[in-house]
Amino acid sequence: MAVNWTVVSTLIELVGALVVVVSLWYVGRQIRQNTQAALASSRQGLLAADLSLISEYITHGIDPHLIGDDVSLSALDERRFTWIVIKAIRIREFAWHQLQCGSLDEASWESYMAPVPGIFSTRRAKKILDFYTGNPTFMDILRARVAKPVANETPAPMAKTAD
């Protein structure tokens, strides 16, 4: 029995092509998984930074949403207020960079920017924008958000119901 080397060669080439296709599929799947892991890590970093900011609000009793211009702060608390607001800006600037590179979706970006009008609802907080030097494009976006009116954050009274 004679071996048909043409058939053997063709079969080997087909198996080789199949191995290449399977390898490319596997590499593509790994790249997708790595991309998803990187996105999740980025979002986790943003969340951790925001939770740290909230923790500082609680620890120091300094929440830009609640401290009006009429409230007198000690020199130390005034500095804390300033740096807490700067931290809030930096977190949002990082989120903006993540949005620009595709690591953050639009809905998440909007959720990070939602508190901005409240954070900057006082002259004290708005002054910080005058000396903070961030990305000029981001600062334009931030200033536009600050210019929006703050939504009424107090819930509407409940209607009385008949018993």
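As a reminder, the structure under discussion sits directly above these lines.
Since the structure is predicted, the reported quantities are computational estimates derived from the model, not experimental observations.

With that settled, the discussion passes to the overall build of the chain. Looking only at helices and strands, one finds six helices and zero strands in the chain. Each helix and strand of the chain, ordered N terminal to C terminal, gives the series α-α-α-α-α-α. Its C-alpha radius of gyration of 27 Å places the chain more than 25% over the 15 Å reference for a compact globule of 163 residues. The C-alpha extent of the chain, read off along each of the three principal axes, is 100 × 55 × 30 Å.

Residue position: Leu24 is located in helix 1 (residues 5-60). For Leu24, a relative accessible area of 59% gives the class exposed. Sequence spacing of Leu24 and Ala107 is 83 residues, and the spatial spacing of their C-alpha atoms is 33 Å.

To continue, consider the packing of aromatic side chains. A complete count under the given rule lists one aromatic pair for this structure. Summarising the aromatic geometry, the rings of Trp96 and Phe138 are spaced 6.0 Å apart at their centres and angled 45° between planes, so their arrangement reads as tilted. Here Trp96 is found in helix 2 (residues 75-100), whereas its partner Phe138 is found in helix 6 (residues 136-147), with 42 residues between them in sequence. Residue class for Phe138 comes out buried when judged on its relative accessible area of 0%. Residue placement shows Arg124 over the ring face of Phe81; its charged tip is 5.7 Å from the ring centre.

Membership of the largest hydrophobic core comes to 31 residues, with the highest contact counts inside it found for Phe81, Ile89, Trp109, Phe120 and Leu142. Listed by contribution, the elements that provide at least two residues to this core are helix 1, helix 2, helix 3 (106-113), helix 4 (116-119), helix 5 (123-131) and helix 6. A per-element tally of this core places helix 2 first, with ten residues. Aside from chain neighbours lying at most four places away, what touches Trp109 is Arg92, Ala95, Trp96, Leu99, Leu104, Phe138, Ile141 and Arg145.

Turning our attention to helix 5. Buried residues of helix 5: Arg124, Ala125, Ile128 and Leu129, and no others. Projected down its long axis, helix 5 carries its buried residues within an arc of 165°, all on one side. Exposed residues pointing more than 90 degrees away from the buried face of helix 5 are listed as Arg123, Lys127 and Asp130. Buried residues in helix 5 make contact with helix 2, helix 4 and helix 6.

This paragraph deals with the side chain of Arg92. Mapped onto the fold, Arg92 is located in helix 2. On the basis of relative accessibility, which here comes to 4%, the residue Arg92 falls in the buried class. A distance of 3.3 Å separates the side chain of Arg92 from the side chain of Asp50, its partner in a polar contact. With residues up to four places along the chain from it excluded, the contact list for Arg92 reads Asp50, Leu53, Trp109, Tyr112, Met113, Pro115, Val116 and Phe138.

Rules behind the numbers
Residues numbered from 1 in each chain as written. Predicted model: local features only at pLDDT ≥ 70, side-chain atom pairs only at ≥ 80, totals over all residues. Heavy atoms only, no water. Helix = DSSP H or I, 4+ residues; strand = E, 2+ residues; numbered from the N terminus. Rg over C-alpha atoms; globule rule 2.2 N^0.38 Å. Buried < 20%, exposed > 50% of the residue type's maximum accessible area, 1.4 Å probe, protein only. Phe/Tyr/Trp six-rings, centres within 6.5 Å; stacked < 30°, edge-to-face > 60°. Lys NZ or Arg CZ within 6 Å of the ring centre and 35° of its normal. Core = buried A, V, L, I, M, F, W, Y, C linked by side-chain atoms within 4.5 Å. Contact = heavy atoms within 4.5 Å. Arc of directions from axis to C-beta. Polar contact = N/O pair within 3.5 Å; in protein donor to acceptor, adjacent residues only side chain to side chain.

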